[in-house]
Amino acid sequence: EILRCLVGSEMCIRDRKYPNVKFPEGMQLKYAEAYAQNTDLVGWLKIDKLKMDFPILQTDNDSYYLKRSFTHRYTDLGNPFLAHANSIEPLDRNSIIYGHSTRSSDKIFSKLFDYRTTRGFINNPIIEFNTIYHDYKWKVYAVFITNATTAEDNGYFFNYVWTNISEASFEQYIAELDSRKLYTTGVDIKPTDKILTLSTCLYEFDNARLVVVARMVRDGESEEVDTSLVKTCLLYTSDAADDTPCV
């Protein structure tokens, strides 16, 4: 330990700067300052053109950060958080992040409203969600609007917030997504892919939710997305000239 400090190790400098913080083994040094401020930190979410740049927190109570900021102060806006059932090392099949939105501002997850249109996707096809251990990029696969309770859909509720699922059931889930998505992005998905789900309130109807689903960029795969492949879905479009059934 002494030798490590003598050669100016960044880890040693970190530990001396924050002597009362127990950092997780293998945590990326770039998150040390934020983790020292709040040890509920598990990752970071960025969507550059939407100017979304948020620490992602996690506790064993999903209600906690609905009304608390990064510094634990009360706020109606809360702080985006990872579902308590999720693991970050390793990541689960589906990592679920919740965040508030508002009717009258672009605070927190309100900027996700841009994804309701194909233009929003074309401008923002890539999401960056890093954990405190690893960096990841995600390609947006589907965007859909759904109900939060059975009362809004004749007793039916589409459960999009599972964390782990078999490959066979994953294919069924993707079929459900494909039947609901607002448009086809042209991004493919495989039964072995891991996905990221961003969920926020919407005000189209009572208890509406806007959900953005992205899949992890695979090892060796380009981060580029061919946005010319986007197609508007017949079910949701308001412009008949643009109607093209999703496939």
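Residues numbered from 1 in each chain as written. Predicted model: local features only at pLDDT ≥ 70, side-chain atom pairs only at ≥ 80, totals over all residues. Heavy atoms only, no water.

1. Topic: the pattern of salt bridges
A side chain with one charge can pair with a side chain of the opposite charge if their charged atoms come near. One pass over the structure, following the stated rule, counts 13 salt bridges. A salt bridge links Asp76 to Lys67; the nearest nitrogen and oxygen atoms lie 3.4 Å apart. Classification of Lys67 as partly exposed rests on a relative accessible area of 35%. A salt bridge links Glu176 to Arg180, with the nearest nitrogen and oxygen atoms 2.3 Å apart. Of this pair, Glu176 and Arg180 are both found in helix H5 (residues 167-180), four residues apart, which corresponds to roughly one turn of the helix. Looking at Arg180, the relative accessible area reads 15%, which means it is buried. Within the structure, one salt-bridge network assembled from shared partners comprises Lys139, Asp188, Asp193, Arg215, Arg218 and Glu221. (Salt bridge = Lys/Arg side-chain N within 4 Å of Asp/Glu carboxyl O. Buried < 20%, exposed > 50% of the residue type's maximum accessible area, 1.4 Å probe, protein only. Helix = DSSP H or I, 4+ residues; strand = E, 2+ residues; numbered from the N terminus.)

2. Remarks on the pairing of strand S9 (residues 208-216)
Of all the nine residues making up S9, eight are buried; the element is thus mostly covered by neighbouring parts of the structure. Where strand S6 (residues 137-147) meets S9, nine bridges bridge the pair, whose relative direction is antiparallel. Note on S9: the bridge partner recorded for Thr146 is Arg209. (Pairing = 2+ DSSP bridges.)

3. Things to note about the packing of aromatic side chains
A full pass over the atoms with the stated rule returns 13 aromatic pairs. Residues Tyr64 and Tyr65 carry aromatic rings whose centres are separated by 4.7 Å and whose planes lie at 85° to one another, so their mutual orientation is edge-to-face. Looking at Tyr65, the relative accessible area reads 2%, which means it is buried. Ring geometry for Tyr136 and Trp138: centres 6.1 Å apart, planes at 55°, overall tilted. By relative accessible area, which is 17% here, Tyr136 ends up buried. Within the aromatic cluster, the residues linked to one another by ring pairs are Tyr18, Phe23 and Tyr35. (Phe/Tyr/Trp six-rings, centres within 6.5 Å; stacked < 30°, edge-to-face > 60°.)

4. Looking at the nonpolar core
Soluble, globular proteins show a tendency: their nonpolar side chains are buried together. Of all hydrophobic cores here, the largest spans 50 residues; its most connected members are Phe109, Tyr115, Ile127, Trp138 and Leu198. Elements represented by at least two residues in this core include exactly helix H3 (32-37), strand S1 (41-47), strand S2 (52-57), strand S3 (81-82), strand S5 (126-131), S6, strand S8 (195-202) and S9. Sorting elements by how many residues they give to this core places S9 first, with five residues. Core analysis: the next-biggest nonpolar cluster, separate from the first, contains 14 residues, Tyr160, Tyr173, Ile174 and Ile195 among them. (Core = buried A, V, L, I, M, F, W, Y, C linked by side-chain atoms within 4.5 Å.)

That is the geometry; function is a separate question.
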